Amino acid sequence: MPLLEMREIKKEFPGVKALDGVTFDLHEGEFHALVGENGAGKSTLMKVLSGVYPFGTYGGDILIDGEVKHFHNIRQAEDAGIAIIFQELSLVKELTVAENIFLGQEPSRFGVINWSEVYSRSAKLLKELNLPLNPRIQVGRLGIGQQQLVEIAKALSHKAKILVLDEPTAALTESEVETLFAILRDLKSRGVGMIYISHKLDEVFAMSDRITVLRDGRSVGTESTLALDKDKVISLMVGREVGDIFPKTTHDLGDIALEVRNLTAFDPDVPGKKLVDDVSFSVRKGEVLGIGGLMGAGRSESLMSIFGAWRGQHSGELYVDGKKVDVASPADAIEHGIGFVTEDRKRFGLILGQTILDNSTLAGLRRISGAFLTHRSRETVATQRVMRSLRVKAGSPLTITGTLSGGNQQKVVLGKWLLTEPKVLFLDEPTRGIDVGAKQEIYAEINKLAASGVAIVMVSSELPEVLGLADRILVLHEGKLTGEFMKTEATPEKVMVAATGESKVMV
Amino acid sequence: MSETLEEKKGFKIETPALRAYTMLGALVLIWIFFHWQTGNNFVTPENLSNLMTQTSVTGIIAIGMLMVIVAGQIDLSVGSLLGLAGAVSAIFLTDLGYGTVAAILAAIVVGIVVGLLQGFLVAYFSIPAFIVTLGGLLAWRGVVKGITNSSTVPVSDLAFIDIGQSYLHPTVGWILALLGVAFVFFMAFRRAKSQKEYGLGEGNIGAALIKAILPAAAIVLFIYVMNSYAGIPNPVLIFLIVALVGFFITNNTTFGRYLYAIGGNSEAARLSGINNRMIILKVFALLGAFVGLAAVVNTARLGSATVDAGALKELDAIAACVIGGTSLMGGQGTVFGACLGALIMASLDNGMSSINLESYLQDIIKGVILVSAVGLDMIGKRPT
C-alpha cells in the first residue's frame, strides 16, 4: 500500500483550471520527483496536500496509509505526517535554531516553556539528522543552505513521514547541495517518503526513484527514473502544441531601439552574488524579443536593472536609438521612452485601493496632465481611451482596481504604460494568472504595439507564449545568456535545454 | 469570453462621500447634544466663533499631517516644533526687536528647516518616521527650553497679536463671502465646461451650477454666523486659507497624487517613475511650514510663547486625521475629513468644558471616542 495517494485532484481558480484530475502516489522511503513548467500545477498540488487549500476547496481524495484524509488546515496535515518546505523559507530569523524547530509546539507547562527540554531535544534531533548546527545560534546568522537544514529539522520534529521539498537547492551552493542530498539519502533509508520539486534535471535524475511530469494541471506520465532520460522528460514537460491563440503575425523590424552591453547585477542581500552575469543583447523597433528561462534565472533582475529600479549593485551600458544613456531611476527610463509592465501586479503594478484612473495615469501623469497640476478631464479621457482599446471590463474609470479580476487588473497595468507612449516596452510575465480570454487580448495588443514600431522585450515562464509571440528568443540560465534562437529555429526542447543549462549554445 | 466576473463580491467599496456625510452627521449630533445640555448655549454665534478659533491651530497642523500620513509617514514632533517656532517668533519680536513680518517668516522658516531635516533623515537614510520625529519631539522641546531659559517670552507687538486675537471687519467678511460664492460657481462652471469640451459625462452646465448652490449657501451662512458675533476671527481665516491650499494640493497637483500613490503602494509608485524620496522630503517640509504658521497663530492668541506651548498637539492633529477617515497605513484620507475631524475634537473640548465636565472625564471620553470612531470604521470596512 502506498504511503500517500492523491486521486483525481481538481482545483480551480476563477477562470483558471489549475489542477485537472491529477493522480499521484508515494511509497515509503521513496524519492519521487515532480517536474513541469512553471504554472503546470506542481505547487498547487502540494498546497492541496499540505492543507494550504483546505478540504472542500478542491476535488478528489487524499489517502494516507490507505485512509481518506480531510485536512482543514496546515496543522492537520502536519499531524498526519506531512511536512512541506516551501521555496521561501518560513523561519523566524530573529529566533534561535531550537526556538524555530519548536515554534508552535514548545514543550511547556501552564504556558511556561521548558527551555532545557527545547535545547536538549533540538540538540538530539540535530545530531540524529547529522546536522552540524548549534541549536542556540540565531537563524538569521546562518547561510541559506543551513537555514534550509533547519527547515528540514523542523519538519522532522513533527515526525514527518512525507517530506515535500519545493526547489530546495535554488539558493544553495554546490557543497551545500551535497550536504542536503546526504541528509535526504539518510532520511530515505529511514523510510521517509519525499516529494521533490525541481527544475534541475541533473538533481532529479541523480536522486529520484520515480518522476512524475505535470503539464497544464494534468499528469502526463509517471515513470521509473531508470526508464527515462532528460530528453524524454523535457519533451513530456513541453509536449503541447502551440495553439492558435497566437495570431500569426510577422513583424517588420526597424533600427535597433535598445542595446544593452555587459549587464551585470548583484544580489542586494548576498554580497558578491551575481544574479545577472555579463548579459548583452539588443532589440529592434517592431521586434518582439522573448526572454525565456526558469524562475530565478535573472530575467526580471535584468529588466529591473536596465529600468533603473534594481536595488542591488549593477553595471552595464545602455544605448537607446544608438545613443548611450544613463538610467539611474525609473523616471530616467521613462524619460528615454522605456516602459515596464512589471511582474506581480498586486505588489509592483497596482495601487489596489485606488481607482483605474489613478493607476493608469500614474506613470504618464506629467505627460497627460502637466508637470505641476493634474487635469481631471484629460486624465479621464486618456483612461477611457486605454480602457476601450484594451477592453477593460469595469463600470467606470473610477472603479477601484482591487475589485477587478486578474485579467482586467493586468490590462490596467499595461494601460498605465501605454499612456507613457513608450518606444521600448518591457513586459514581465504579462499573462501570469489570468484567463485565456484576457491572455489573447493582451497578445493581440503586444502584436499591435510591435506593428506600430514599439520594441518589445517580454519575459515569460510560459514557453508557448514566448514561442508564439517572439521574433527572437534569448534564454537565461543562472544569470548567463545560454541561448539565442530565431522564431523559425526555436523549439520547446531547444529552449528548455538552454534554460536548464544542459548544454551551452554559443551566441 | 470567460471573464464575466467583473467585481468580486464581498469587497466593500469605501465611498468618500458617504463617509463625509456620516462625519457631518456625527458633528451635528454632538452639537445638538451640547446645545441641549448647556441650555441652548452651544450653537450661538459667540460660541461657534470661539469653537472655530479653537479648531484653527489643530486644524492647520492636521492638514499638513494629513498629507504626511497619506504618504504613509507620521510626524510626532509637530507639538514641540509648534513650541519652537512660536518661541523663535516671540524672541524675534521681544528680544531681537524685529517687526511682525520678520517674526512670522522666522517661525515658518524654522518649521521648514526642521521639516527638511526630519524628512531628509526619513527619506534618504531610511530611518522610520516614527523614530525620527519621536526624537524630534524630545529634541525640539529641549531647544525651546534652551533658547528661552525655560521661561515664557511675552509678545507686545500689537500687529502680531492681532493675528491671533482680532477679527475681520464684517464688511470684509461679506466681500470674502461674495468672492467665495463667485469662486465656487466659477469652478463649477469651469469643470462642467471642461467635461463638455472633452466629451465626458452630460456636460450640463446648468446642473453643475445648481449643485454649487449648497456649498455657496454654506459660505454665506458661515459668514453670517461669524459676523453676527464679531466677524471672522483671524485664526479662522488663516485656517480656511490653509485648508483651501491643502485641498488644492491633494486634489489638483501631481505632487498630491504622488502622495496617495506612495502611501497606497510605494513600490508600484517607485516603479512608475515617482521619486518617492523627494516627495517624502517635500511633504515633511510642507508640514513644517504649516506648523510654523500654526505657531504664529498660537503665539499671537496666547500673547506669549510658553515653554510647553503645543505639548500633545501632535496627538490632536493625528486624532483629527484619523477621526476624519485617514488611514494610518497611508494612501487614504482627505483634507476635508481632517478639518472635520479637528472640528469634532474641538467641539468635544468646547462642549465638555462648557458643561463643566471634570477634566479627567474629558480625557477618558476623548480617548474612547477616538478608538470607537476608528473601530466603527474598521467594522464598516470588514469584508462580509
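Up top you'll find the structure we're talking about.
Note that the coordinates shown come from a computational prediction; the quantities given were computed from them, not determined experimentally.

Parameters and conventions
- Here the residue numbering is sequential within each chain, running from 1 through the sequence in written order.
- Labels follow written order: the first chain is A, the first ligand is 1, and so on.
- For a predicted model such as this one, the threshold for reporting local features is a pLDDT of at least 70, and the threshold for listing and counting side-chain atom pairs is 80 or more; totals across whole chains, interfaces and linings nevertheless cover every residue.
- Every helix listed is a DSSP run of H or I at least four residues long, and every strand listed is a run of E at least two residues long, numbered separately from the N terminus.
- Throughout, radius of gyration means the C-alpha value; the globule benchmark is 2.2 Å times the number of residues raised to the power 0.38.
- Exposure criterion: with C-beta atoms placed from backbone coordinates, a residue whose C-beta has 20 or more other C-beta atoms within 10 Å is buried, one with 12 or fewer is exposed, and one in between is partly exposed.
- Contact definition: two residues whose C-beta atoms, as placed from backbone geometry, lie within 7 Å.
- Each axis is a line fitted through C-alpha atoms, and for a helix only the stretch in contact is used; angles between axes span 0 to 180 degrees, taken between their N-to-C directions.
- Each angle receives one of four descriptions, namely roughly parallel if under 35 degrees, roughly antiparallel if over 145, roughly perpendicular if within 65 to 115, and oblique otherwise.
- Left-handed is the label given to a crossing in which the near helix is rotated counterclockwise from the far helix by less than a right angle, and right-handed is the label when the rotation is clockwise.
- Any residue outside Ala, Val, Leu, Ile, Met, Phe, Trp, Tyr, Cys, Pro, Asp, Glu, Lys and Arg is labelled polar, Gly included; the first ten of those are nonpolar and the last four are charged.

### Examining the overall build of chain A
Looking only at helices and strands, chain A has 18 helices and 22 strands in total. What you see for chain A is a C-alpha radius of gyration of 24 Å, in line with the 23 Å of a compact globule of 507 residues. Along the first, second and third principal axes, the C-alpha atoms of chain A reach 65 × 55 × 45 Å. Counting all 507 residues of chain A, 48% fall into the buried class. Within chain A, contacts between residues separated by at least 24 positions form 69% of all contacts whose residues are at least 6 apart in sequence.

### Thoughts on unusual backbone geometry
The backbone of Glu167 of chain A sits at a positive phi, close to 50°, despite the residue not being glycine. Considering the arrangement of structural elements, one finds Glu167 of chain A in the loop between β9 (162-166) and α6 (174-189). Here Glu167 of chain A falls in the buried class, since 20 other C-beta atoms lie within 10 Å of it. In this model, Asn149 of chain B sits at a positive phi of 50°, which is unusual for a non-glycine residue. The topology assignment puts Asn149 of chain B in the loop between α5 (129-148) and β1 (153-154). By C-beta crowding, Asn149 of chain B is classed as exposed, having 8 other C-beta atoms within 10 Å.

### A word on the environment of Gly288 of chain B
Residue and element names in this part refer to chain B. Along the chain, the position of Gly288 falls in helix α13 (residues 276-302). For Gly288, a count of 28 C-beta atoms within 10 Å translates into the label buried. Along the backbone, Gly288 and Ile112 are 176 residues apart, and their C-alpha atoms lie at a distance of 4.7 Å.

### A closer look at the environment of Ser208 of chain A
Residue and element names in this part refer to chain A. Note that Ser208 resides in the loop between α7 (201-207) and β11 (210-215). You can call Ser208 buried: it has 23 C-beta atoms within 10 Å. The spatial distance from the C-alpha of Ser208 to the C-alpha of Glu30 is 7.8 Å, given a sequence separation of 178 residues. Once residues lying within four places of it in the same chain are set aside, the contact partners of Ser208 are Phe31, His32, Ala33, Tyr196 and Thr225.

### Regarding the packing of helix α11 (residues 254-264) of chain B against α13 of chain B
Residue and element names in this part refer to chain B. The interhelical angle for the contact between α11 and α13, taken along N-to-C directions, is 110°, at an axis separation of 10 Å. Overall, the two elements α11 and α13 adopt an arrangement that is roughly perpendicular. In the packing of α11 onto α13, the handedness of the crossing is left-handed. Taken together, the residues of α13 that come into contact with α11 (itself represented by Phe255, Tyr258, Leu259 and Ile262) are Asn276, Ile279, Lys282 and Val283. Taken together, the residues of the contact of α11 with α13 sort by class into six nonpolar, one polar and one charged.

### Regarding the interface of chain B and chain A
With 30 residues of chain B in contact, the opposing surface of chain A contributes 41 residues. When residues of the side of chain B that touches chain A are traced back to their parent elements, those giving at least two are α7 (170-197), α11 and α12 (266-271) of chain B. Of the residues belonging to the side of chain B that touches chain A, the class tally is ten nonpolar, 13 polar and seven charged.

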